[in-house]
Amino acid sequence: MLDSSALTPSEQLQMLSVSIKEEAIKFELLRQEIAKVIVGQDAMVKNLLLALLADGHVLLEGVPGLAKTLAIKTLSQAISADFSRIQFTPDLLPADVTGTMIYQQKSEQFAVKKGPIFANFVLADEINRAPAKVQSALLEAMQERQITIGDTTYQLPKPFLVMATQNPIEQEGTYPLPEAQVDRFMLKVSMGYPSKQEEQLILRSNVRAEGLATVSPCIHPDDIIKGKQLARSIYLDEKIERYIVDIVTASRNPEVAGLGQLTKYISYGGSPRATINLALAAKAHAFLERRAFVIPEDVRAISMDVLRHRIGLTYEAEADGVTAEKVIEQLIQRVEVP
C-alpha cells in the first residue's frame with residue numbers, strides 16, 4: 001500500500017478527491033432512496049445528510065404534517081439502522097429517555113433497561129413540550145455520546161443522529177429550549193409548506209392502492225462512518241478559515257462588517273461552537289458536491305441553517321420585523337469573500 005505521507009500535498013489532495021467521489025456516490029443513492037418516499041423536502045433531506053457527515057444534530061421547526069417523522073424513519077430504513085421516536089410530553093421523565101435500573105425478582109438483582117436514546121437515529125418529537133430536566137438528559141447524550149445508568153457508562157451506537165422537532169405555532173404548555181442548549185444543535189432547519197405540484201405528488205403517493213413506496217437499505221452504517229472520516233479530511237484553506245471567523249465575528253459585532261445599523265437588533269451572536277460547526281458543515285457540503293476542498297460557496301450554502309438559532313434578537317428587532325434570517329442575509333452579503 002502506498003504511504004500517503006510520502007506524497008506531496010497536491011498528490012494527497014488528488015487521492016482524497018478520488019476517494020470522496022467514490023464514497024459520495026453512496027450518499028447520492030441514499031438521497032435518491034429517501035426521495036422515493038419524501039416529496040418536496042429536499043432541503044431537509046440534504047441537511048440530514050450534512051448532519052450525518054459532520055456528526056451533528058438537527059433541530060427542525062415546522063407545522064405538523066410536513067413529514068418530519070417520516071423523513072428520519074425513512075433514513076434509518078435506507079441505512080439499515082435502528083430508529084426510535086420519543087414523544088416529548090410534560091410528564092416525561094429523564095429515565096424515560098435514557099433508561100433506568102429495574103429490580104428483577106427472579107434473580108433478586110437490578111438489571112439495566114436501556115431507553116429509546118440507544119438507537120442510531122432518534123426523533124425527539126416536540127422537544128419543547130418536556131421540562132428542562134428531560135431536555136438536558138437528551139442534550140447531554142447528544143454532546144457526550146454516552147449515557148450513565150447506575151454506576152455504568154454506556155456508549156451510544158454509531159452513527160448517532162438526533163432530529164428534534166418543535167411546532168412554531170402552538171406555544172401553550174411548552175418549555176422553550178435555553179440558548180445554551182439550542183446551541184448544541186449543529187443545524188436548525190425551518191420547514192415550509194410544499195408547492196402545489198409537490199403537494200399533488202404527496203397526495204398521489206399516499207392514496208394509491210399499493211400505499212407508500214418501500215425503501216430498501218442501500219448503504220451500511222460503516223459507510224456513514226467512512227464518509228465522516230473523509231469529510232473531516234477535506235482541505236480547508238486558511239483564507240476560508242478567516243472567512244468563517246469573519247462571518248461569526250460579524251454576527252457578534254456587525255459594525256466590524258460595516259453593518260452598524262444592525263447593532264441595535266442583535267443581543268448576542270454566534271459562539272465559537274458556531275465557528276466550528278460552520279467549518280464542519282462546509283466540509284460535509286463539499287463532500288456531497290464531490291470536492292476534496294472547501295470553497296466560499298460551501299460556507300454560504302450552510303450559513304443560514306448553522307447560524308439562525310445562534311443569533312439572539314432584541315425587542316427592537318421584533319418590533320421592526322427584523323428576523324435572524326434577515327440579519328444573516330445581510331452579514332453574508334457584506335462580509336468579504338476570499
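From a predicted model like this one, the values you see are computed outputs, not experimental measurements.

Enquirer: Looking at this model, I keep getting lost on the overall build of the protein. Mind explaining?
Expert: From N to C terminus, the protein includes 13 helices and 11 strands. For 338 residues, the compact-globule formula gives about 20 Å, and the C-alpha radius of gyration of the protein, at 21 Å, lands near that figure. For the protein, the spread of C-alpha atoms along the principal axes amounts to about 70 × 60 × 50 Å. Burial analysis of the protein (338 residues in total) assigns 47% to the buried set. Sequence-distant contacts in the protein: of pairs separated by 6 or more residues, those separated by 24 or more amount to 77%. Of the roughly 17100 Å² of accessible surface on the protein, 51% is carried by carbon and sulfur atoms. Charged side chains in the protein number 36 positive and 42 negative. The centres of these two groups are separated by 3 Å.

Enquirer: Would you mind showing me how to read the environment of isoleucine 79 here?
Expert: Note that isoleucine 79 resides in helix 3 (residues 68-79). For isoleucine 79, a relative accessible area of 0% gives the class buried. In the structure, isoleucine 79 is positioned 140 residues away from isoleucine 219 in sequence and 5.0 Å away in space, judged by C-alpha atoms. Isoleucine 79 has contacts with Leu30, Leu52, Phe121, Ile219, His220, Pro221 and Ile224, leaving out every residue within four places of it along the chain.

Enquirer: So what exactly am I meant to see when it comes to the packing of aromatic side chains here?
Expert: What characterises a pair of aromatic rings is the spacing of the ring centres plus the angle enclosed by the ring planes. By the definition in use, this model includes two aromatic pairs. Relative to phenylalanine 287, the ring of phenylalanine 27 lies with its centre 5.4 Å away and its plane at 85°, an arrangement referred to as edge-to-face. Of the two residues, phenylalanine 27 sits in helix 1 (residues 9-35) while phenylalanine 287 sits in helix 10 (residues 272-288), which places them 260 residues apart along the sequence. Overall, the relative accessible area of 1% leaves phenylalanine 27 in the buried class. Take phenylalanine 287: its relative accessible area is 0%, and that puts it in the buried class. Note on phenylalanine 118 and tyrosine 154: the rings are 6.4 Å apart at their centroids and 85° apart in plane angle, and the pair reads as edge-to-face. Remark: tyrosine 154 occurs in strand 7 (residues 152-155) and phenylalanine 118 occurs in the loop between strand 4 (109-114) and strand 5 (121-125); sequence separation between them is 36 residues. Lying over the aromatic face of phenylalanine 293, arginine 291 brings its terminal NZ or CZ to 6.0 Å of the ring centre.

Enquirer: In this structure, what is going on with the side chain of asparagine 277? I would like to understand it.
Expert: Its location among the elements puts asparagine 277 in helix 10. When residues no more than four places from it in sequence are discounted, the contact partners of asparagine 277 are Phe185, Met186, Val306 and Arg310.

Enquirer: I would appreciate a short explanation of the sheet that holds strand 1 (residues 58-61) in the present structure.
Expert: Whether parallel or antiparallel, the strands of a sheet pair through hydrogen bonds between backbone atoms. Taking strand neighbours across the sheet as the criterion, the five strands line up as 2-5-8-1-9 in an open arrangement whose pairing is parallel. The outermost strands of the open sheet, each flanked by one partner alone, are strand 2 (83-87) and strand 9 (187-190). Strand-to-strand twist of the sheet, defined as the mean angle between neighbouring strand axes without regard to direction, takes the value 20°. Pairing analysis gives four bridges linking strand 1 to strand 9, with the strands arranged parallel. Looking across to strand 9, one finds that glutamate 61 is bridged to serine 190. Packing of helix 3 onto the sheet brings it into contact with strand 1, strand 2, strand 5 and strand 8 (161-166), and relative to strand 5 it is tilted by some 170°.

Enquirer: Can you walk me through the nonpolar core in this structure?
Expert: The nonpolar side chains of a soluble globular protein tend to be buried, and buried together. In this structure, Leu30, Val58, Leu75, Ile79, Leu278, Phe287 and Val299 are the most contacted members of the largest nonpolar core, which totals 76 residues. Of all hydrophobic cores here, the second largest spans 27 residues; its members include Leu59, Ile117, Ala141 and Val182.

Enquirer: Which parts of the structure should I look at to understand the side chain of lysine 283?
Expert: In this fold, lysine 283 is placed in helix 10. Filtering out sequence-adjacent residues up to four positions away, lysine 283 remains in contact with Ala231, Arg232, Ile234, Leu236 and Val294.

Rules used throughout
- Residues numbered from 1 in each chain as written.
- Predicted model: local features only at pLDDT ≥ 70, side-chain atom pairs only at ≥ 80, totals over all residues.
- Heavy atoms only, no water.
- Helix = DSSP H or I, 4+ residues; strand = E, 2+ residues; numbered from the N terminus.
- Rg over C-alpha atoms; globule rule 2.2 N^0.38 Å.
- Buried < 20%, exposed > 50% of the residue type's maximum accessible area, 1.4 Å probe, protein only.
- Contact = heavy atoms within 4.5 Å.
- Areas by Shrake-Rupley, 256 points an atom, 1.4 Å probe, with all protein chains shown as cover.
- Lys, Arg positive; Asp, Glu negative; His and termini not counted.
- Charge placed at Lys NZ, Arg CZ, Asp CG, Glu CD.
- Phe/Tyr/Trp six-rings, centres within 6.5 Å; stacked < 30°, edge-to-face > 60°.
- Lys NZ or Arg CZ within 6 Å of the ring centre and 35° of its normal.
- Pairing = 2+ DSSP bridges.
- Axes fitted to C-alpha atoms, helices over the stretch in contact; angles between N-to-C directions.
- Core = buried A, V, L, I, M, F, W, Y, C linked by side-chain atoms within 4.5 Å.

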